[in-house]
Structure formats: C-alpha cells, structure tokens
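For reference, the chains in residue letters:
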Amino acid sequence: MNMKIDFEKYSDGLVPVIIQDATTKNVLMLGYMNEDAYLKTSEEKKVTFFSRSKQRLWQKGEESGNFLSLVSMAVDCDNDALLIQVNPQGPTCHKGTDTCWGEKNTSNFGFISALENVIEQRRNDLENPDSYVASLFKKGINKIAQKVGEEAVEVVIEAKDDNDDLFLNESADLLFHYLMLLQAKGFTLSDIEKVLIDRH
C-alpha cells in the first residue's frame, strides 16, 4: 500500500482516520495515525492508532480482543486523512457499543430499509382499513406467499417481453411482497444478506 500521506501537514504528525465497516459501510470510529501507526497497520493487517492520551502506538483490541482487521486504506484528495475499511472483531467502542456513536452496526439498504420499517409499522396496525399491507397480513402467510408466487410469474413473463417499464414495475411488486413474506416468517433482508455472505 504505497500512498502519499502528508504526515507533516500538522505539527503533531498525526492524520485523522475514519474507520468504516467494509460490509455494512457504517462509520465505526475516528482515530489518528502517525507514520509508524500507518506502517504497523499495513504490515500486521490490524488497525493501529497513535493514542493522543497514552502518547504511544495503540492497536485497537490489544486489551479487549476487539481487533479491526484491515480490508483497505484510501487517502483523501488532500493527502491528509485516511479512510480505512475493516472487518471488526466485536464492538468497536470502548464503551461496548458497535460504533462510537452508540449505533448498531447493521446493514442499511437505503430506501429498502425504510420500506421494511413501513411494512413493520403496518403489520403492527392490522386494523388500519386503508393499508394494503395490513389487509394482506390479516389474511395470513399463505396469502402473502401466494402473492409472491404470482408476482414472480409476472416478472418472468415481462422478462421475456421488450417493455422495460412493465418489467421494472413487476420486479418492484415482487420485491415488495417478498419483503412482506420475510417479515411474516420473522426475518428481514439482513438475514438474507448473512446467508449470502456466508456462501461467499
């Protein structure tokens, strides 16, 4: 990993380091490195910082066992900050939380995750007469599974035609109903992600 990092830009010889989970892409913590910490991280493939409070090199996990296994490093456009992607071995924060912001280090699929939250809310409010999701959950898992099957067939049919709009709309319907089926079985997309990661 030969990168031009400007350790001399600041008087203390330290550059800020953003630590990001390589899989979930969540930011886990912020630390600082001097050149020695950077070299040790590169060689040992476990993230080492320069601790400003201890005034020495400090390998994350040296006491707790919660190491940050190096995946990749990138320097920013000014050569004075690092983005390090890692596979965390346990909680990252010294307070025992996944991140130093107290957040869970779980996958976020953007709008799909927001949609999962809406489905969960509607599932918990089955008496809402205006909710298609609530009405489907009231009919039970067999009806939800049937809808997934119907939508899957429609996706296959549209895949063989040339109307991209219809194909995308049927694909959206399939994904929407599949997310409902997952929740009816007590799962979310994150559970499927774990299976795929294990297979990979």
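By the naming in an unreviewed UniProt entry, the protein goes by Histidine biosynthesis bifunctional protein HisIE and is assigned to Patiriisocius marinistellae. Checking UniProt for the protein, the heading Subcellular location (unreviewed entry) contains the comment "Cytoplasm".

A. Main features of the overall build of the protein. Helix and strand content of the protein: 6 helices and 6 strands. Listing the helices and strands of the protein from first to last along the sequence gives β-β-α-β-β-β-β-α-α-α-α-α. In summary, the protein has a C-alpha radius of gyration of 23 Å against a globular reference of 16 Å for 200 residues, an excess of more than 25%. On the principal axes, the C-alpha backbone points of the protein span a range of 65 × 40 × 30 Å. Here the protein, with 200 residues, has 35% of them falling under the buried criterion. Put simply, of all contacts in the protein between residues at least 6 apart along the chain, 49% involve residues at least 24 apart. Accessible area of the protein: about 12400 Å², with a carbon and sulfur share of 51%. A distance of 7 Å separates the average location of the 22 positive side-chain charges in the protein from that of its 33 negative side-chain charges.

B. Local environment of the packing of helix α2 (residues 111-123) against helix α5 (residues 164-184). Look at α2 against α5: their axes get within 10 Å of each other, and the N-to-C directions meet at 55°. Taken together, the axes of α2 and α5 are oblique relative to one another. With respect to the hand of their crossing, α2 and α5 are arranged in right-handed fashion. Here α2 contributes Ile112, Leu115, Glu116, Ile119, Glu120 and Arg123 to the contact with α5, which in turn contributes Leu175, Phe176, Leu179, Met180, Gln183 and Ala184.

C. Spotlight on the UniProt feature "domain: Phosphoribosyl-AMP cyclohydrolase" (unreviewed entry) in the protein. Here, the residues flagged by UniProt with the feature "domain: Phosphoribosyl-AMP cyclohydrolase" (unreviewed entry) are residues 29-101. Annotation note: span residues 29-101, helix share 14%, strand share 38%, distance between end C-alpha atoms 8 Å.

D. Region of interest: the domain arrangement of the protein. Its domain assignment divides the protein into domain 1 (15-88) and domain 2 (111-198). Averaged C-alpha coordinates put domain 1 and domain 2 at centres separated by 39 Å.

E. Here's a closer look at the layout of surface pockets. The space that makes up the largest pocket amounts to roughly 410 Å³. Along its surface, the largest pocket is lined by 21 residues, and Met29, Leu30, Phe49, Trp58 and His94 are the ones closest to its centre. Listed by contribution, the elements that provide at least two residues to the lining of the largest pocket are β2 (27-33), β3 (48-51) and β4 (56-59). Element by element, the count of residues in the lining of the largest pocket is highest for β2, at 4 residues.

F. Structural view of the nonpolar core. The biggest cluster of nonpolar side chains holds 18 residues, and the ones touching the most others in it are Ile19, Met33, Val47, Leu82 and Ile84. Where this core is concerned, the elements lending two or more residues are β1 (15-21), β2, α1 (35-44), β5 (68-75) and β6 (82-88).

Conventions adopted
Residues numbered from 1 in each chain as written. Predicted model: local features only at pLDDT ≥ 70, side-chain atom pairs only at ≥ 80, totals over all residues. Heavy atoms only, no water. UniProt positions renumbered as here; feature names shortened; annotations may be inferred. Helix = DSSP H or I, 4+ residues; strand = E, 2+ residues; numbered from the N terminus. Rg over C-alpha atoms; globule rule 2.2 N^0.38 Å. Buried < 20%, exposed > 50% of the residue type's maximum accessible area, 1.4 Å probe, protein only. Contact = heavy atoms within 4.5 Å. Areas by Shrake-Rupley, 256 points an atom, 1.4 Å probe, with all protein chains shown as cover. Lys, Arg positive; Asp, Glu negative; His and termini not counted. Charge placed at Lys NZ, Arg CZ, Asp CG, Glu CD. Axes fitted to C-alpha atoms, helices over the stretch in contact; angles between N-to-C directions. Parallel < 35°, antiparallel > 145°, perpendicular 65-115°, else oblique. Left-handed = near helix turned anticlockwise from the far one by under 90°. Domains from an automatic or database assignment. 1 Å grid on protein atoms, 1.4 Å probe; cavity = no way out; pocket = protein on both sides within 12 Å on 5 of 7 lines; lining within 4 Å. Points joined across faces, edges and corners; volume = space filled by probe spheres on them. Core = buried A, V, L, I, M, F, W, Y, C linked by side-chain atoms within 4.5 Å.

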